[in-house]
Amino acid sequence: MQIAVPLSAVERGQLRIWLRRVPEASDTVYAFRLAPDGSEQDLIGEASVYGRGKGSSAREKSMLLFRMHPVTEEAPLCVGEHLRLMVKRIGDSSYQDVDLDVLLVE
């Protein structure tokens, strides 16, 4: 899943992603800067999400808060730049795309 970096995130150094509802499973979501070829390049930040549990009908909104790691002065994050959100695969250290029900990015 890709998201665009808003001005408020660049100014604060924090990216907030509001979800329509709490995901079923708990996980850590990682935000990666993309290389020119579209591959993941730099880890920008990570956020934990605590799941509602399998079969739960909970409907609460949830927020992922990424405290963005410093990026080199030569290449600071820019408004509108795309980041890819991913989670680690179970059983190894590779990453896979994550599909979140995003309400708002700020």
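Summarised in this report is the structure supplied together with it. Computed from a predicted model, the values in this text were never measured in an experiment.

## Some remarks on the side chain of Gln-14
Relative to the elements of secondary structure, Gln-14 occurs in strand E2 (residues 14-19). Here Arg-16 takes part through its side chain, which lies 3.4 Å from a polar atom of the side chain of Gln-14. Setting aside its immediate chain neighbours within four residues, Gln-14 contacts Ser-8, Ala-9, Leu-65, Phe-66, Arg-67, Met-68 and Glu-106.

## Topic: the sheet that holds E2
As summarised here, the arrangement of the 3 strands in space is E5-E2-E8, forming an open sheet in which the pairing is antiparallel. Because the sheet does not close on itself, it has two edges, and the strands there are strand E5 (62-67) and strand E8 (102-105). Taken pair by pair, the neighbouring strands of this sheet meet at an average axis angle of 20°, ignoring direction. Pairing between E2 and E8: 3 bridges, direction antiparallel. Bridging across to E8, Leu-19 finds its partner in Val-102.

## Observations concerning the packing of aromatic side chains
All told, the structure shown has 2 aromatic pairs when counted by the stated rule. When the centroid spacing of 5.2 Å and the interplanar angle of 75° are considered together, the rings of Tyr-30 and Tyr-95 count as edge-to-face. With Tyr-30 in strand E3 (residues 27-34) and Tyr-95 in strand E7 (residues 95-97), this residue pair connects regions lying 65 residues apart in the sequence. Taken together, the ring pairs in this structure connect Tyr-30, Phe-32 and Tyr-95 into an aromatic cluster.

Calculation criteria
- Residues numbered from 1 in each chain as written.
- Predicted model: local features only at pLDDT ≥ 70, side-chain atom pairs only at ≥ 80, totals over all residues.
- Heavy atoms only, no water.
- Helix = DSSP H or I, 4+ residues; strand = E, 2+ residues; numbered from the N terminus.
- Polar contact = N/O pair within 3.5 Å; in protein donor to acceptor, adjacent residues only side chain to side chain.
- Contact = heavy atoms within 4.5 Å.
- Pairing = 2+ DSSP bridges.
- Axes fitted to C-alpha atoms, helices over the stretch in contact; angles between N-to-C directions.
- Phe/Tyr/Trp six-rings, centres within 6.5 Å; stacked < 30°, edge-to-face > 60°.

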